[in-house]
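Observations on the model geometry
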Amino acid sequence: MNLDGCAQDPEKREYSSVCVGREDDIKKSERMTAVVHDREVVIFYHKGEYHAMDIRCYHSGGPLHLGDIEDFDGRPCIVCPWHKYKITLATGEGLYQSVNPKDPSAKPKWCSKGIKQRIHTVTVDNGNIYVTLSNEPFKCDSDFYATGDFKVIKSSS
Ligand code: FES
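Given the structure is predicted, the values throughout are model-derived calculations rather than measurements. By convention here, each chain's residues receive numbers from 1 onward along its written sequence. Owing to the predicted nature of the model, reporting of local features is limited to residues with pLDDT of at least 70; listing and counting of side-chain atom pairs is limited to 80 or more, with chain, interface and lining totals taken over all residues. As a rule here, side-chain values cover all heavy atoms of the structure and leave hydrogens and water aside.

1. A short note on the environment of L95
A helix here means a DSSP run of H or I that spans at least four residues, while a strand means a run of E at least two residues long, and both kinds are numbered starting from the N terminus. Mapped onto the secondary structure, L95 falls in strand β8 (residues 93-98). According to the relative accessible area criterion, L95 is buried, its value standing at 7%. Placed 18 residues apart in sequence, L95 and C77 show a C-alpha to C-alpha distance of 8.7 Å. Contacts are residue-level and defined by heavy atoms, with any inter-residue pair within 4.5 Å sufficient. In this view, L95 contacts F72, R75, C77, K86, T88, W110, C111, S112 and K113; residues no more than four positions away in its chain are not counted. Categorising residues by exposure relies on relative accessible area from a 1.4 Å probe, with only protein chains included: less than 20% of the type maximum marks a residue as buried, more than 50% marks it as exposed, and the intermediate range marks it as partly exposed.

2. Regarding the UniProt feature "domain: Rieske" (unreviewed entry) in the protein
UniProt positions are given in the numbering used here, feature names are shortened, and annotations may be inferred rather than shown by experiment. Sites flagged by UniProt as "domain: Rieske" (unreviewed entry) map to residues 17-131. As annotated, residues 17-131 has a helix share of 6% and a strand share of 54%, and its two end C-alpha atoms lie 5 Å apart.

3. Regarding the sheet that holds β8
Sheet architecture is open: five strands sit in the order β5-β6-β7-β8-β9, paired in antiparallel fashion. Each edge of the sheet is formed by a strand with only one pairing partner; in this case those strands are β5 (68-72) and β9 (109-115). Strand-to-strand twist in this sheet, taken as the mean axis angle between neighbours without regard to direction, amounts to 40 degrees. Across two bridges, the pairing between strand β7 (residues 86-88) and β8 is antiparallel. Note that in β8 the partner of K86 across the bridge is L95. In this description, strands pair whenever DSSP reports at least two bridges between them. Angles here are taken between N-to-C directions and fall from 0 to 180 degrees, while the axes themselves are lines fitted to C-alpha atoms, restricted in helices to the stretch in contact.

4. Side note on the pattern of salt bridges
For salt bridges, the criterion is a side-chain nitrogen of Lys or Arg within 4 Å of an Asp or Glu carboxyl oxygen. Counted by the stated rule, this structure contains seven salt bridges. We note a salt bridge from K27 to E23, for which the minimum N-O separation is 3.5 Å. Taken together, the residues span about one helical turn, with K27 and E23 both in helix α2 (residues 23-29) at a distance of four residues. Residue classification places K27 among the partly exposed positions, given a relative accessible area of 38%. Residue K47 is joined to D71 by a salt bridge in which the shortest nitrogen-to-oxygen separation is 3.7 Å. Here D71 lies in strand β5 and K47 lies in the loop between β3 (39-46) and β4 (49-54), a separation of 24 residues in the sequence. Residue classification places K47 among the exposed positions, given a relative accessible area of 67%. Connected through shared salt-bridge partners, R39, D54, R118 and D143 make up one network.

Structure (structure tokens):
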């Protein structure tokens, strides 16, 4: 794998891996932010696994790097600090609880709205953390806040 992203076809360069930091550092802080080819992402280290996603929440652009991680239905999720939407770390699905109006006393069920937040790939090489942007061709709701006027907000960790 080419990890430096230098001598590549410019069209493919956007999807080359970018070094965003050291493994030792993210294991201590458990999260970090980075700008990868002009796209701002957050990287989480949670229970021994790395996850990267667009930093701005698909709902209204909330700062996901400031959210708490909690399990819902056995799935680790980042909870957006603005309106508490839950997004699975592994897949970027938006989760919600559904109530059956014909049986409101029944226990609400966790359901998925589908993939709402774009997930990127994290790899570790020689103690360095690399992020490769997703080039999945589907339109993801979080793309709106990763482009245009919202693109590259101030990084803060
Ligand atoms: Fe994230 Fe509304 S902006 S829940």
